Amino acid sequence: MLNQPARSLGVHIILIAYSALALGPILLVVMNSFKARNAIFGAPLAPPNATTFSLVGYAKVFKASLIGTYFANSLIVTLVSMFLVLLFGAMAAWALTEYKFRGSTALALFLSIGIMVPIRLGSVAILKMMRAAGLNDTLTALILVYVAQGLPMSIFILSEFVQQIPKDLRDAARCDGVPETRIFFEVIAPLLRPAIATVAVFTIVPIWNDLWFPLILTSSDSTHTITLGVQQFLGQYITDWNSVLAALSMAILPVVAIYVIFSRQLISGLTAGAVK
Amino acid sequence: MAGLHIDKINKSYGPARVLADIDLSIVDGEFVVLVGPSGCGKSTLLRMIAGLDAPTSGDIFIGNRLVNALAPAERKIAMVFQSYALYPHMDVRKNMTFGLKFTGVEPSERERRVAEAARMLRLEDLLGRYPRDLSGGQRQRVAIGRAIVREPDVFLFDEPLSNLDAALRVSTRVEIARLHRLLGATMVYVTHDQIEAMTLADRIVVMNQGQIEQVGKPLELYYTPANLFVAGFIGSPAMNFFPAEVESIEGDKVRAKGPTIARVTLPAGSLTRGSKLTIGVRPEHLTAGAPGDFSTTGAVELVERLGEASYAHVRRADDKLMVAEIRGRDTPAPGQTVTFSAPAEDVHVFDEAGRRL
Amino acid sequence: MRGSFAKRTMAEPLSQVVASMPRGRFLALMALFLGPAVAIYTLFSIYPLIATMALSTYTTDSSGAYQFVGLVNFVTLLTDAVWSKPFWNAAWNNLVFFAVHMLVQNPIGIALAGLLSLPGLKLKSLYRTVIFLPTMLSVVIVGFSWNLILSPLWGVAEGALKAVGLGSWFAPWLGLPSTALVTLALISVWQFVGIPMMLIYAALLNIPDELIDAARVDGLGHFRIFWHIKLPLVLPTIGLVSILTFVGNFNAFDLIYTVKGALAGPNFASDILGTFFYRTFFGFQLQLGNPTMGAAVATVMFFIILAGVCLYLFIVQRRLRRYAF
Ligand SMILES: Nc1ncnc2c1ncn2[C@@H]1O[C@H](COP(=O)(O)OP(=O)(O)OP(=O)(O)O)[C@@H](O)[C@H]1O
Ligand SMILES: [Mg+2]
């Protein structure tokens, strides 16, 4: 058996190598997006310096695409969906755990179908429905679909969190005469805050990153989300490396920034209950 | 202020009967302690008084008012939980006033009540703190304060001190006794701790497997337990039991003999020759050496020295162990054979069904 | 607190509060709490699924009117060479795509989780954060970035291989029919390895320390502890990861569409069910979209996923559960 320092050195070498593999491609893209074209090809691995630095790609992206609109659309769709998924999901999770009534188990099972069965498979009918309702090519359509898609998983996760809230709190509130609706909104809901991170990883991140529904439900440039907008832009300017790298970086950087800010919560949310 | 009357309460979870025909009357201002082994239904009974769980059948009256159909807040009760159940996202002041918002108490009145409760419980400096920044004892005081501001007719406590360390338990116990004197409210208190029960209670209710075994003043339960269960449950270390049989009856004297008993003299009752009995003697009533109405002999196996007293574990003739409390420094050595005896007034006799004679 | 809480998690009958509530008020309360979730979910998730399945039993004639045809679409899909050849090709490719994930992504995820859960490891939260980062990015971004990196035009991958003396190994992997699919699968593995890593890492942390200490006292080394004690205990989580991988893979689309387009080239070598469904539904180049055949493809995908989930629920999970705490 290896001695302690040698073995832990080996572990660190493996983990550093894998981290480099995970981070490398992202760094490469972001780094080169700040370089002039001949530097991108001449020395791809070199960071930008005074002579190679260039923002020409970014200028092009802003000029040739509605990147600001895409970004705003994604933000609206994701935030509204997130709010509704959390609100409706927490309400349903609370009702299903707290009030047992005839059919509540059946209802819980019905809601859990959506955890495993992807909503995408209903796309044909969703598109028909949205067209019939006149919601085609609107952000509302996306939000409705994403809320439906996110609810089952969020109800499942939030139920786990609801069960961890001591039952005595609810009893104390009842002794205090707090009405049932207020018990949820003023006692239970505030305590579900730690669940937001877990719900975000499993339902919100996929919404931000989704390509499929924007592709089939939105047709005009002004309703594209960032993922679809960038995808279309990339297809169009495929030979313009400066623009392509800049567009990629602009899609990557906000996500990375938010991720780095919230990574502690996100990861403890993922490993919920097991944080050491 | 109000008394509490419980009439033929039953509670079943599916086939499991958790409470069976509970009857209990508590007078206004009384402090009643519920004790019993784990799982006997103490919390269940308390929660039904509170209105948190519904009885399967039976009636509950609070101050002559039938409260079966009333929600907890309408019953004029307040409950203090073992886990404190403080709202973690509200500061102490908010914890106390939160419930008052919904029962139509004016803001100025709320403030007055909080100030008064805080003064009573010495919480004035903690009003702006969150529960996570309080010690266990402080949290418990806040939980009690939250009950006080509701000005309830009946206080319900479910093992309120069991999460505190020994020293805090004693001081908070004294605090609760003081509050009871001060407020004069009816209190129902569940505990596992015998000392709490004995010191706080006006009356103790001993429960076992969903039934009430005995209700009585603390010393009543100690000196005249109604049956074997109460005799064994109240007192620590527990009472020693000896099987016996009536040997002869001479006037009002009964002689009973069992494998472990040399001689016992009892006032005669409805006993006949050959009746089976159980004799009970508390460890603290056994004396080594001295002659008495009851005596038994055994070999000392182990002596636990606690300082103010020692417990001798003695192997009896029927191979069971009994415990004798020995005062003073002179303790028998392990291996030594010793005769222990007790006077007749400290000997408890139970019939075959376990009832006190 | 623990004790009383554990007891109350048993099936709890209606509380007094609810029992004493008028029936109408209870119904209103349930409608308020459950109504929005159930309505949106039913309308936009369950109903479309059922409607799609229903649509798969229709066909459109030249005038655009719908006609009920029973299972004809499915017979066509599975037997008519025009449909069945691409369908079976996509299904097979999808299976390969899944196999690569199971054989590469999950073992790497387990290994990383095992390393990260070593006691006393420094910098573990930094490693976790970095390795999980790609999972947060859009598949479109990841796919396109790798497209650039592997492109012979840019030469980054080639240069990297040359630097370690393997320059001759380089090939335009994404462009070759023999390697395109596996390369795409590996890109996906690169992106999503964080998920098995995190879930298994969490499960490993849940193993009581005493158990590990007991094994240490018995003289087992870290590797044996991992192999003989930790791994069997996290099998249920590995089962969960597998089914998540399965559902994700048989529903994948974005990556192939981004890198190879709807035609999933070269020559359909990277076509999987998701892209096949898209082409069938929306059409491509000269062929028109066919909603009813698209619905049939979606229905088949639904049953494949359902079969996997049932297999997991009734066999895998049931046999693994006895290890759970
Ligand atoms: N929701 C429930 N479903 C089924 N059985 C229950 C439920 N709640 C309590 N019980 C059972 O009722 C019995 C009495 O429980 P209760 O909590 O009243 O006991 P307790 O006397 O308070 O015990 P402890 O001293 O441990 O707190 C126990 O056997 C328990 O298992
Ligand atoms: Mg209890």
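Residues numbered from 1 in each chain as written. Chains lettered and ligands numbered in written order. Predicted model: local features only at pLDDT ≥ 70, side-chain atom pairs only at ≥ 80, totals over all residues. Heavy atoms only, no water.

Trainee: Provide a residue-level description of the overall build of chain C, including the pertinent values.
Mentor: Across its full length, chain C carries 16 helices and 4 strands. Against the compact-globule benchmark of 20 Å for 325 residues, chain C has a radius of gyration of 25 Å, which places it well outside the compact range. Based on the C-alpha atoms only, the size of chain C along its principal axes is roughly 75 × 70 × 30 Å. When the 325 residues of chain C are sorted by exposure, 53% land in the buried category. Sequence-distant contacts, at least 24 apart, represent 65% of the contacts inside chain C between residues at least 6 apart. About 14800 Å² of surface is accessible on chain C, with carbon and sulfur atoms providing 68% of the total. Computed over 19 positive and 10 negative side-chain charges, the inter-centroid distance for chain C is 8 Å. (Helix = DSSP H or I, 4+ residues; strand = E, 2+ residues; numbered from the N terminus. Rg over C-alpha atoms; globule rule 2.2 N^0.38 Å. Buried < 20%, exposed > 50% of the residue type's maximum accessible area, 1.4 Å probe, protein only. Contact = heavy atoms within 4.5 Å. Areas by Shrake-Rupley, 256 points an atom, 1.4 Å probe, with all protein chains shown as cover. Lys, Arg positive; Asp, Glu negative; His and termini not counted. Charge placed at Lys NZ, Arg CZ, Asp CG, Glu CD.)

Trainee: So what about the overall build of chain A? Which residues, and what values?
Mentor: Of regular secondary structure, chain A possesses 13 helices and 0 strands. Counting from the amino terminus, chain A carries its helices and strands in the arrangement α-α-α-α-α-α-α-α-α-α-α-α-α. Each principal axis of the C-alpha atoms in chain A carries an extent, and together these give about 70 × 70 × 35 Å. Looking at the 276 residues of chain A, the share that counts as buried comes to 57%. Across chain A, the fraction of contacts at a sequence separation of at least 24, relative to all contacts at a separation of at least 6, is 72%.

Trainee: Please set out the sheet that holds strand β9 (residues 203–208) of chain B residue by residue, giving values where relevant.
Mentor: Residue and element names in this part refer to chain B. Spatially, the 6 strands line up as an open sheet ordered β6-β7-β8-β3-β9-β10, and their pairing is mixed. What marks the edges here is a single partner per strand, and that holds for β6 (77–80) and β10 (211–216). Between one strand axis and the next, the sheet turns by 20 degrees as a mean value, whatever way the strands run. Inspection of the sheet shows strand β7 (residues 154–158) paired to strand β8 (residues 186–190) by 5 bridges, in the parallel sense. Bridge pairing in β8 links D158 to V190. (Pairing = 2+ DSSP bridges. Axes fitted to C-alpha atoms, helices over the stretch in contact; angles between N-to-C directions.)

Trainee: Tell me about the interface of chain A and chain C, and name the residues and values.
Mentor: Interfaces are frequently sized by the accessible area removed from exposure as the parts join. Counting residues at the interface gives 98 residues for chain A, matched by 95 residues for chain C. At the boundary of chain A with chain C, total buried surface from both sides reaches about 8800 Å², with 81% on carbon and sulfur atoms. Among the residues of chain A in contact with chain C, Y18, M116 and L121 of chain A are the three that bury the most area, contributing 9% of the side total. One can count 1 salt bridge joining chain A with chain C. At the boundary of chain A with chain C, the tally comes to 14 residue pairs in polar contact (both at pLDDT 80 or more). The element that contributes the greatest number of residues to the side of chain A that touches chain C is helix α1 (residues 4–32) of chain A, accounting for 16 residues. For the side of chain A that touches chain C, the class distribution of residues is 72 nonpolar, 16 polar and 10 charged. (Buried area = accessible area lost by both parts, 1.4 Å probe. Salt bridge = Lys/Arg side-chain N within 4 Å of Asp/Glu carboxyl O. Polar contact = N/O pair within 3.5 Å; in protein donor to acceptor, adjacent residues only side chain to side chain. Nonpolar A, V, L, I, M, F, W, Y, C, P; charged D, E, K, R; others polar.)

Trainee: Can you explain the domain arrangement of chain A? Please cite residues and give values.
Mentor: Residues and elements named next belong to chain A. Here the domain parsing of chain A yields domain 1 (5–54) and domain 2 (60–273). In this complex, domain 1 contributes 10 residues to the contact, which on the side of domain 2 involves 9 residues. Buried surface at the junction of domain 1 and domain 2, summed over both partners, amounts to about 800 Å²; 73% is from carbon and sulfur atoms. Ranking the residues of domain 1 by area buried against domain 2 places V29, S33 and R37 at the top, with a combined share of 47%. On inspection of domain 1 and its partner domain 2, the count reaches 0 salt bridges. For the pair domain 1 and domain 2, the number of links is 2 residue pairs in polar contact (both at pLDDT 80 or more). (Domains from an automatic or database assignment.)

Trainee: How would you summarise helix α3 (residues 23–55) of chain C if you had to cite specific residues and measurements?
Mentor: If you check α3 of chain C, its first and last C-alpha atoms are just 40 Å apart, much less than what 33 residues at 1.5 Å a residue would give, namely 48 Å. Helix geometry: α3 of chain C is bent most strongly at L34 of chain C, by close to 50 degrees, with proline P36 of chain C lying one to four residues after it. (Expected span 1.5 Å × (residues − 1). Bend = angle between axes of the 7 residues up to and from the residue.)

Trainee: I'd like a description of the pairing of β6 of chain B, backed by residues and values.
Mentor: All names here are of chain B. Of the two faces of β6, the one carrying I77 and M79 and the one carrying A78 and V80 are both buried. Across 4 bridges, β6 lies against β7 in parallel orientation. Bridge pairing links I77 to V154 in β7.

Trainee: Outline a nonpolar patch on the surface, listing residues and values.
Mentor: The grouping of L311, L313, F314, I315 and V316 of chain C at the surface amounts to a nonpolar patch, some 430 Å² of accessible area in total. By the secondary structure assignment, V316 of chain C is in helix α16 (residues 291–321). (Patch = residues over 30% accessible without salt bridge, like charges linked within 9 Å, V, L, I, M, F, W, Y side chains within 5 Å.)

Trainee: Describe in detail the packing of helix α12 (residues 226–236) of chain A against helix α13 (residues 241–270) of chain A, supporting the description with residues and values.
Mentor: Residues and elements named next belong to chain A. The contact between α12 and α13 brings their axes to 10 Å, and the two run at 170 degrees. When the axes of α12 and α13 are compared, the pair comes out roughly antiparallel. Packed against α12, whose contacting residues are I226, V230, F233 and L234, the element α13 presents S243, V244, A247, L248 and A251 at the interface. Per-class residue counts for the contact of α12 with α13 are 8 nonpolar, 1 polar and no charged. (Parallel < 35°, antiparallel > 145°, perpendicular 65-115°, else oblique.)

Trainee: Could you give me a rundown of the pairing of strand β20 (residues 337–342) of chain B, with the residues and numbers involved?
Mentor: Looking at chain direction, strand β16 (residues 287–288) of chain B and β20 of chain B are connected through 2 bridges and run antiparallel. Bridge pairing in β20 of chain B places T287 of chain B opposite S341 of chain B.

Trainee: Could you give an account of the confidence of the model for chain C, with specific residues and numbers?
Mentor: The predicted coordinates should not be examined in detail at positions where pLDDT is low. All names here are of chain C. Mean pLDDT for chain C: 85, with 92% of residues reaching 70 or above. Mean pLDDT values over the elements of chain C span from 31, in helix α1 (residues 2–8), up to 95, in helix α9 (residues 180–192). A low-confidence stretch, residues 1–13 (pLDDT under 50), is modelled with 15 contacts involving residues beyond four sequence positions or located in other chains. Scored as a complex, the prediction yields pTM 0.85 and ipTM 0.89. (pLDDT = per-residue confidence, 0-100.)

Trainee: Give a description of the pattern of salt bridges that names residues and reports values.
Mentor: Counted by the stated rule, this structure contains 31 salt bridges over all chains. The residue R122 of chain B makes a salt bridge to E175 of chain B at a minimum N-O spacing of 2.9 Å. Of this pair, R122 of chain B sits in the loop between α3 (107–120) and α4 (136–148) while E175 of chain B sits in helix α5 (residues 166–183); the two residues are 53 residues apart in sequence, bridging distant segments of the chain. For E158 of chain C, the salt bridge is made with K162 of chain C, and the minimal N-O distance between the two is 4.0 Å.

Trainee: Go over unusual backbone geometry, please, and point to the residues and values.
Mentor: Residue P237 of chain B is reached from S236 of chain B by a cis peptide bond, and omega for that bond is -5 degrees. Following the sequence through the fold, P237 of chain B ends up in the loop between α8 (228–233) and β11 (240–250). Residues other than glycine seldom take positive phi values, yet D319 of chain B does so here, at roughly 75 degrees. Relative to the assigned elements, D319 of chain B resides in the loop between β18 (309–315) and β19 (321–327). Of note, N267 of chain C is a non-glycine position whose phi angle comes to about 50 degrees, a positive value. Note that N267 of chain C resides in the loop between α14 (254–260) and α15 (273–282).

Trainee: I'd love a proper account of the packing of aromatic side chains, names of residues and values included.
Mentor: Taken as a whole and judged by the stated rule, the model has 43 aromatic pairs over all chains. Between W94 of chain A and Y99 of chain A the ring centres are 6.5 Å apart and the planes differ by 85 degrees, which places this aromatic pair in the edge-to-face class. This pair shows no difference in class: W94 of chain A is buried, exactly as Y99 of chain A is. Taking the centre distance of 5.6 Å and the plane angle of 45 degrees together, the rings of F31 of chain B and Y189 of chain B count as tilted. Taken as a pair, F31 of chain B in strand β3 (residues 31–35) and Y189 of chain B in strand β8 lie far apart in primary sequence, 158 residues in all. F31 of chain B gets classed as buried once you look at its relative accessible area, which sits at 1%. Put simply, the rings of W94, Y99, F101, F184 and F185 of chain A together with F26 and F33 of chain C pair up and form one aromatic cluster. We note R146 of chain B situated over the ring of Y87 of chain B; from NZ or CZ to the ring centre the distance is 4.9 Å. (Phe/Tyr/Trp six-rings, centres within 6.5 Å; stacked < 30°, edge-to-face > 60°. Lys NZ or Arg CZ within 6 Å of the ring centre and 35° of its normal.)

Trainee: Could you give me a rundown of the domain arrangement of chain C, with the residues and numbers involved?
Mentor: Residues and elements named next belong to chain C. Segmenting chain C into domains produces domain 1 (1–55) and domain 2 (71–319). Here the C-alpha centroids of domain 1 and domain 2 sit 35 Å apart. Facing 4 residues of domain 1, the contacting portion of domain 2 comprises 8 residues. Taken together, both faces of the contact between domain 1 and domain 2 bury some 450 Å²; the carbon and sulfur share is 81%. On the domain 1 side of the contact with domain 2, T52, M53 and L55 bury the most area, a combined 90% of that side's loss. For the pair domain 1 and domain 2, the number of links is 0 salt bridges. Residue classes in the side of domain 1 that touches domain 2 are distributed as 3 nonpolar, 1 polar and no charged.

Trainee: Explain the sheet that holds strand β4 (residues 57–62) of chain B residue by residue, including any values.
Mentor: Residue and element names in this part refer to chain B. Across the sheet, 4 strands lie side by side as β2-β1-β4-β5; this open sheet has antiparallel pairing. Of all strands in the sheet, those bounded by a partner on one side alone are β2 (16–26) and β5 (65–66). Strand direction decides the pairing type here: strand β1 (residues 4–13) and β2, joined by 7 bridges, are antiparallel. For Y13, the partnering residue across the bridge sits in β2 and is A16. Against the sheet, helix α1 (residues 42–50) makes contact with β1, β2 and β4, and its axis sits at roughly 120 degrees relative to β1, the strand it touches most.

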